[in-house]
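Results of the structural survey
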Amino acid sequence: MSSIPVGISACLTGQAVRHDGGHKHSRYCTEVLSRWFSLHPLCPEAGAGLGTPRPSMRLEQHGDGVRLIAPREKRDLTPVLEAWTERQLEGLASLRGFILTAKSPSCGMSRIRVYHPDGEVARRDASGLFAQALMQRFPLLPVEEAARLNDDALRENFIERVFLYDDWCCVRSEGLSAATLLDFHTRHKLQMLAHSQQGYRELGRLLSNLRGKDLDALADDYITRVMQLMRKRVSPGAHVNVMQHVLGHFRDNPGFRDHTSAGLRQAADAQIAAYQRGEVPLVVPLTLLRVMQQQAPDAWLARQHYLAPYPDALGLRNRL
Ligand code: SF4
């Protein structure tokens, strides 16, 4: 598998580019994710020529606008950071995800404080200037803060979205057709169902009759909805429903009529129930379903990314 291009705040890779000359090295990013993602480090503040070390900065509310201010020096650094960001964004179109540093007035994805000029906190719901521009320019791009990757569910969700978005970008770059669009929808069906049954049904209606429609516009609408849907957390109950759906595919499979196979099917059923009770992680019933798939392959299931949406070695489903 070729590695997937993912942007990252440079300080997370260990580069000493923070305002105090330090870094925020994330070993998970550089030692684990880097095995599948080619990481593209980028430091907006150093890149914009603000120097390292440099004065500390914060977001300030001035009239209707938010400015990036170095309060001690009373310097407004917004124009220089915005100009650098604007020059960079075009070159980021090939990325399939971005990992940002939390709490930064440039890189923070969310919950960034905005101050009144007198130093009082005005609100705590902003994004850093670079992060905001990135998310506005590439609204489909999976974006996450490194600190949030410590949460098992958020980490799994981000990585699943990166792999799915990469698949979508390949579909688009190889030339979109009704057939390739429907094929993408089919192979991600179980993933989408897990995230939202209603969302999946709406997507199905969107694709129900493609004849005479503007395929490019429809595809843009489709993937926007898909990426929104994929942001929803998958509940254990939703995984149980999808795994029961998978199990149903083996009921009429002639390869599962003998005694041994019936036992395997019962074991999978029992482990799905054990997962539902919180006794085993998701990987346990899913492994049994994959063994069943190896024993008597089902052509439709073989194409479903749900059974292996990312490399097993990431160990993500051991912790769900
Ligand atoms: S948070 Fe962003 S701007 Fe700050 S040092 Fe890290 S990469 Fe640079």
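Small disclaimer: the values here were computed from a predicted structure and weren't measured. (Residues numbered from 1 in each chain as written. Predicted model: local features only at pLDDT ≥ 70, side-chain atom pairs only at ≥ 80, totals over all residues.)

1. Quick word on the overall build of the protein
Assigned secondary structure in the protein consists of 13 helices and nine strands. If you line up the protein on its principal axes, its C-alpha atoms span 80 × 50 × 35 Å. Contacts in the protein between residues far apart in sequence, at least 24 positions, make up 65% of those at least 6 positions apart. (Helix = DSSP H or I, 4+ residues; strand = E, 2+ residues; numbered from the N terminus. Contact = placed C-beta atoms within 7 Å.)

2. Section: the sheet that holds strand β6 (residues 98-100)
The four strands lie next to each other as β2-β1-β6-β9, forming an open sheet whose pairing is parallel. Of all strands in the sheet, those bounded by a partner on one side alone are β2 (37-42) and β9 (143-145). Geometrically, the sheet is characterised by an average inter-axis angle of 25° between neighbouring strands, direction not taken into account. Pairing analysis gives three bridges linking β6 to β9, with the strands arranged parallel. Note that in β9 the partner of L100 across the bridge is E145. (Pairing = 2+ DSSP bridges. Axes fitted to C-alpha atoms, helices over the stretch in contact; angles between N-to-C directions.)

3. Some thoughts on the sheet that holds strand β3 (residues 58-62)
A sheet is described by the order of its strands in space; here five strands give the open sequence β5-β4-β3-β7-β8, paired in mixed fashion. The open sheet has two free edges, formed respectively by β5 (75-76) and β8 (121-126), since each of these has just one partner strand. Direction of pairing for β3 relative to strand β4 (residues 65-70): antiparallel, over a ladder of five bridges. Considered in β4, the bridge of Q61 is made with V66.

4. Notes on the pairing of β3
The turn joining β3 and β4, which pair antiparallel and follow one another in sequence, is formed by two residues; a positive phi near 60° is taken by G63. For β3 and strand β7 (residues 112-115), the ladder comprises two bridges, and the chain directions are parallel. Bridge pairing in β7 links E60 to Y115.

5. Focus on the environment of L154
Structurally, L154 is set in helix α5 (residues 152-173). On the basis of neighbour count, L154 is assigned to the partly exposed category, with 15 C-beta atoms found within 10 Å. For the pair L154 and H25, spaced 129 residues apart in sequence, the C-alpha to C-alpha distance is 19 Å. (Buried ≥ 20, exposed ≤ 12 C-beta atoms within 10 Å, placed from the backbone.)

6. What about the domain arrangement of the protein?
Under the domain assignment, the protein is made up of domain 1 (4-55 + 77-109 + 126-150), domain 2 (152-186 + 198-230) and domain 3 (236-319). On a C-alpha basis, the centres of domain 2 and domain 3 stand 24 Å from each other. The interface of domain 2 with domain 3 comprises seven residues on the first partner and six residues on the second. Per-element accounting of the side of domain 2 that touches domain 3 gives the leading share, six residues, to α5. Here the residues of the side of domain 2 that touches domain 3 are counted per class, giving two nonpolar, one polar and four charged. (Domains from an automatic or database assignment. Nonpolar A, V, L, I, M, F, W, Y, C, P; charged D, E, K, R; others polar.)

7. Considering the site of the ligand
Around the ligand, 13 residues are found, and the nearest of them are S9, C11, C43, S104 and C107. When residues in the shell around the ligand are grouped by element, the largest group, three residues, is from helix α2 (residues 44-47). (Near = placed C-beta within 6 Å.)

8. Quick notes on the environment of D252
As for its position among the elements, D252 is in the loop between α10 (236-251) and α11 (259-276). With 9 C-beta atoms packed within 10 Å, D252 lands in the exposed category. In this structure the C-alpha to C-alpha distance between D252 and H185, which are 67 residues apart in sequence, comes to 24 Å.

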